[in-house]
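One letter stands for each residue in the lines below.
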Amino acid sequence: MSTKSLTLIFILVYILMSLPAMLGIGYVIDWIPEATLLQKMKGDVIENLANNYLFKMVVSGIVSVYSHSHFYTDWEQ
């Protein structure tokens, strides 16, 4: 198995699972009125990537191993 493809699939699935929360679906974060746009974006991205990280890691791992074994083994032969 190629470590690069497993890692890439893992990261893509993890980000795709975090994307709905980053787009505002799920919960609301109250911000201090003095926070800049960059501070808000940084906090939102970090918070959503860290939210439910264990579940996202397990699902991403399962999907990456399954997709790698299912799709990429045919290309190597």
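Now for a quick tour of the structure. From a predicted model like this one, the values you see are computed outputs, not experimental measurements.

1. Considerations on the packing of helix α1 (residues 3-22) against helix α2 (residues 37-50)
Closest axis-to-axis distance for the α1/α2 pair is 9 Å, and the angle between their directions is 125°. Here α2 runs oblique to α1, going by the angle between their axes. When you trace α1 past α2, the crossing you get is right-handed. Contacts between α1 and α2 involve Y14, S18, A21 and M22 on the former and, on the latter, D44, V45, N48 and L49. For the contact of α1 with α2, a count of residues per class yields five nonpolar, two polar and one charged.

2. Overview of the packing of aromatic side chains
Applying the stated criterion across every chain, the model contains one aromatic pair. Ring centres of F10 and Y14 lie 6.4 Å apart, and the angle between their planes is 25°; this geometry places the pair in the stacked category. Here F10 pairs with Y14, and both are found in helix α1, just four residues apart, close to one helical turn. Note on F10: relative accessible area 26%, which makes it partly exposed. For Y14, a relative accessible area of 13% puts it in the buried group. The residue whose ring lies beneath K56 is Y14, and the NZ or CZ to ring-centre distance is 5.6 Å.

3. Section: the environment of V13
Of note, V13 is situated in helix α1. Each C-alpha atom of the pair V13 and S60 lies 5.4 Å from the other, and the pair is 47 residues apart in sequence. The contacts of V13, once residues within four sequence positions are left out, are S60 and V63.

Parameters and conventions
- Residues numbered from 1 in each chain as written.
- Predicted model: local features only at pLDDT ≥ 70, side-chain atom pairs only at ≥ 80, totals over all residues.
- Heavy atoms only, no water.
- Axes fitted to C-alpha atoms, helices over the stretch in contact; angles between N-to-C directions.
- Helix = DSSP H or I, 4+ residues; strand = E, 2+ residues; numbered from the N terminus.
- Parallel < 35°, antiparallel > 145°, perpendicular 65-115°, else oblique.
- Left-handed = near helix turned anticlockwise from the far one by under 90°.
- Contact = heavy atoms within 4.5 Å.
- Nonpolar A, V, L, I, M, F, W, Y, C, P; charged D, E, K, R; others polar.
- Phe/Tyr/Trp six-rings, centres within 6.5 Å; stacked < 30°, edge-to-face > 60°.
- Buried < 20%, exposed > 50% of the residue type's maximum accessible area, 1.4 Å probe, protein only.
- Lys NZ or Arg CZ within 6 Å of the ring centre and 35° of its normal.

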